[in-house]
Every structure is written in structure tokens, then in C-alpha cells.
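Listed below are the residues making up each chain.
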Amino acid sequence: MLYLIGLGLSSAEDITLRGLKVVQQCARVYLEAYTSILMSASKEDLEKLYGREVILADREMVESSSDSILEDADKVDVAFLVVGDPFGATTHTDLIIRARSLGIPFEAIHNASVMNAVGACGLQLYNFGQTVSLVFFTDNWKPDSFYDRIKENRRIGLHTLVLLDIKVKEQSFENMARGRKIYEPPRYMNIETAASQLLEIEDLRNEQAYTEDTPCVSVSRLGSPGQKFVAATLGDLADIESGEPLHSLVILGHRTHEMEIEYLLDFATDKNKFQKAVETEVESAKELQPPAPVDEDND
Ligand SMILES: C[S@@+](CC[C@H](N)C(=O)[O-])C[C@H]1O[C@@H](n2cnc3c(N)ncnc32)[C@H](O)[C@@H]1O
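About the thresholds
- Residues numbered from 1 in each chain as written.
- Predicted model: local features only at pLDDT ≥ 70, side-chain atom pairs only at ≥ 80, totals over all residues.
- Heavy atoms only, no water.
- Axes fitted to C-alpha atoms, helices over the stretch in contact; angles between N-to-C directions.
- Helix = DSSP H or I, 4+ residues; strand = E, 2+ residues; numbered from the N terminus.
- Parallel < 35°, antiparallel > 145°, perpendicular 65-115°, else oblique.
- Contact = heavy atoms within 4.5 Å.
- Near = heavy atom within 4 Å.
- Polar contact = N/O pair within 3.5 Å; in protein donor to acceptor, adjacent residues only side chain to side chain.
- Areas by Shrake-Rupley, 256 points an atom, 1.4 Å probe, with all protein chains shown as cover.
- Buried < 20%, exposed > 50% of the residue type's maximum accessible area, 1.4 Å probe, protein only.
- Pairing = 2+ DSSP bridges.
- Phe/Tyr/Trp six-rings, centres within 6.5 Å; stacked < 30°, edge-to-face > 60°.
- Lys NZ or Arg CZ within 6 Å of the ring centre and 35° of its normal.

1. Side note on the packing of helix 7 (residues 145–155) against helix 9 (residues 191–205)
- Contact geometry for helix 7 and helix 9: axes closest at 11 Å, N-to-C directions at 85°. Comparing their axes, helix 9 and helix 7 come out roughly perpendicular. Counted together, Phe146, Tyr147, Asp148 and Ile150 of helix 7 and Leu198, Ile201, Glu202 and Arg205 of helix 9 form the full contact between these two elements.

Spelled out as C-alpha cells, the structure:
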């Protein structure tokens, strides 16, 4: 059996009891080590808790040599550990499809994910639209497909969860071109970079999907002892020091409930400014055309 097991968000002990029992009886245990990190635990901490060797599975292993992970999984149990939830903004569907094609049964053991724990900042999950990802820009590569998604969400008043890029075991262009297996140190996008990149694209596109006055919440180290939220305008978030990873950002929509605002104000660097930014959003939304009515006969 192939088990996809969620590890939760921060410490080795965040694994569920069922997840732990399964890991302890697996013949091989892989840790997917490139889409997120377990902030308060090392590979050695996990090995100590599980009493099992943990094999780090990088992108190359999972995407190009998944057969080594699945070897004999029709006869023995294999665990594939994913930080957060195995289906939370990381779907290893390729691995599952490959397992299926080899006749290997699989089971997922779920856990908390950034996708649901983000509710701890006070914003209701019901009021979120499409989640987007923001990658590190380079001088000549600034992908901006997130921009249209944010615009769509904000058009109908919904919040946007922005997940930030992680670069683990990446090669420089030069090393890749020369086929040298030399890897850059890991990089995790912080809130300052995210806010600056978002504003850079708004400057280029100029469609007012958001502005530097748009109210946002930074979400840092969610679920860990160092968890921190900062409620501020996007412009102000470009100047904060968000500290150690991991980070995400929420861009507010205008359909904000007053209880959401009351909760968020506790995290505001400047309460009056934040409150005003939210009120301006709500006011300007009144000028928007309502979305086109749905033709119910076609439902
Ligand atoms: C590709 S997603 C993977 C999510 C993971 N599978 C889960 O269910 O939580 C990774 C991104 O989510 C965000 N993220 C994950 N855990 C986080 C945390 N504890 N605090 C803040 N952001 C987090 C970061 O932006 C990170 O780069």
C-alpha cells in the first residue's frame, strides 16, 4: 500500500496518531522535501519519533523517478510524507496515477493545511476565492498569471490567499546549462518581496486589481510557536520585516464581515489606517457593476 500522509504545519508531533502508527509499520518512508518545510522539526527529529529511516524525496525523485518510491509497494507498505495536507495546494496526482497504473492501492491520511489554518487570522474560509502562487521574479522572467485571478476574486469581493515561492535544491541557469549538479542554498519568499512583486505587476498592468492601499494580512509561520499576523496595506507590507519562513499573504476582498475586521484590527500596525483602507474598499465596491445574473435554467 502507498500511504500519503500529511504531517501538519510545524512540529514532528503534528502528525496524526493514525499517521504515526502507519509510518511506524512502513517498510520505507519518504519525505517530500520541496513544496513546503516542517518549520520546527528536522529529518533527524522525524526519524527519532518514527523509529524509521526517512528518505528525502526531492522534485527530481518524485517527478522523474517515482518508480523507485513505488518499488514493491504492492507487497510492502510505503509512506510518502507531505508537509501540511497531501492535497493542500500540493497534489501528487502523478504519483497516485502511476501507483494506480501499477495496481498499487493507496490511501491518504489527512492533516491541517495552510489552506484551512489560514482561518486563524480571522478571515472566514467561506469568503476566500481562488488561491494563487507567486514565484520569485528574475530580471527577465516575471510571470503574472496570478494577477487575473486576484482581479476576478476582488471583483466579486472575495479574499485571495497568495502562496509564496520556495526554492529548494534549485540549480543556477549556468550550472543547469553545464549539467553541473551544484545546488543553490534554499530560498523562501518573504512578505516584503511578495508585496513588492505584486505592486510591480500592478504598475505594469495598471488595471487596479489592487493598489498599495489595499488591505492585506501577512501570515507568517502559521501553526508554529512563532506564528504572526500583520494587518496592513499592501504598500506598508512591502516595508515590514517578516522574519523566518514560512509566509503567505491574504489580499482582502470587499465582502468583509465586520467580525472579520474586528478580529484583524488586533494585528494592525496602524489601526486607523487599516480600518480606513477597509472602509474605502467597501465604499468603492458599491460603484462596481453587479456580476451578470446566472441563467438558472442552465444549472
Ligand atoms: C505549495 S504550498 C504547500 C502547502 C502544504 N501542502 C499544506 O497543505 O499546507 C507551500 C506554500 O504554502 C505556504 N505555507 C505553507 N505552510 C505555511 C505556514 N505554516 N505558514 C505560512 N505559510 C505557509 C507558503 O507560502 C509555502 O510556500
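2. Digging into unusual backbone geometry
- Omega for the bond connecting Pro245 with Leu246 falls within 30 degrees of zero, at 10°, which places this linkage in the cis form.
- With respect to the secondary-structure elements, Leu246 resides in the loop between helix 10 (234–237) and strand 12 (247–251).
- Notably, Ala89 is not glycine yet its phi reads approximately 55°, a positive angle.
- Tracing the chain through its elements places Ala89 in the loop between strand 4 (78–82) and helix 5 (93–101).

3. What to know about the site of the ligand
- Taken together, 21 residues lie near the ligand, and Gly88, Thr90, Ser113, Leu164 and His247 sit nearest.
- Within the backbone of Gly88, a nitrogen or oxygen atom sits 2.8 Å from a nitrogen atom of the ligand.
- The separation between an oxygen atom of the ligand and a polar side-chain atom of Ser113 is 2.7 Å.
- Look at the ligand: alone it shows 570 Å² of surface, and the protein chains cover 94% of it.
- Sorting the residues of the shell around the ligand by element identifies strand 7 (160–164) and strand 12 as the ones contributing at least two each.

4. Brief notes about the side chain of Thr256
- By the secondary structure assignment, Thr256 is in the loop between strand 12 and helix 11 (258–265).
- Here Gly253 takes part through its backbone oxygen, which lies 2.8 Å from a polar atom of the side chain of Thr256.
- Sequence-distant contacts of Thr256, that is, excluding residues within four places in its chain, are made with Leu123, His159, Ile261 and Val278.

5. Observations regarding the environment of Pro143
- Assignment of secondary structure puts Pro143 in the loop between strand 6 (132–134) and helix 7.
- In this structure, the C-alpha to C-alpha distance between Pro143 and Glu71, residues 72 residues apart in sequence, is 37 Å.
- When neighbours within four sequence positions are excluded, Pro143 is seen to be in contact with Val135 and Phe137.

6. A short note on the pairing of strand 4
- With five of five residues buried, strand 4 is to be regarded as a mostly interior element.
- Taking every second residue as pointing to the same face, both faces of strand 4 are buried, with Val78, Phe80 and Val82 on one and Ala79 and Leu81 on the other.
- Note: strand 1 (residues 2–6) against strand 4, five bridges, orientation parallel. Each residue of the ladder has a partner; that of Gly6, found in strand 4, is Val82.
- The pairing of strand 2 (residues 28–32) with strand 4 spans four bridges and is parallel. Across the sheet, residue Arg28 finds its bridge partner in strand 4, namely Val78.

7. Brief notes about the packing of aromatic side chains
- If you walk through the whole model with that rule in mind, you get three aromatic pairs.
- With a centroid separation of 6.1 Å and 65° between ring planes, the pair formed by Tyr263 and Phe267 is classed as edge-to-face.
- Exposure remark for Phe267: the relative accessible area of 21% places this residue in the partly exposed category.
- Grouping aromatic residues by their ring pairs yields a cluster made of Phe229, Tyr263 and Phe267.
- Of note, Lys169 hangs over the ring of Tyr183, and the distance from its end group to the ring centre comes to 5.0 Å.

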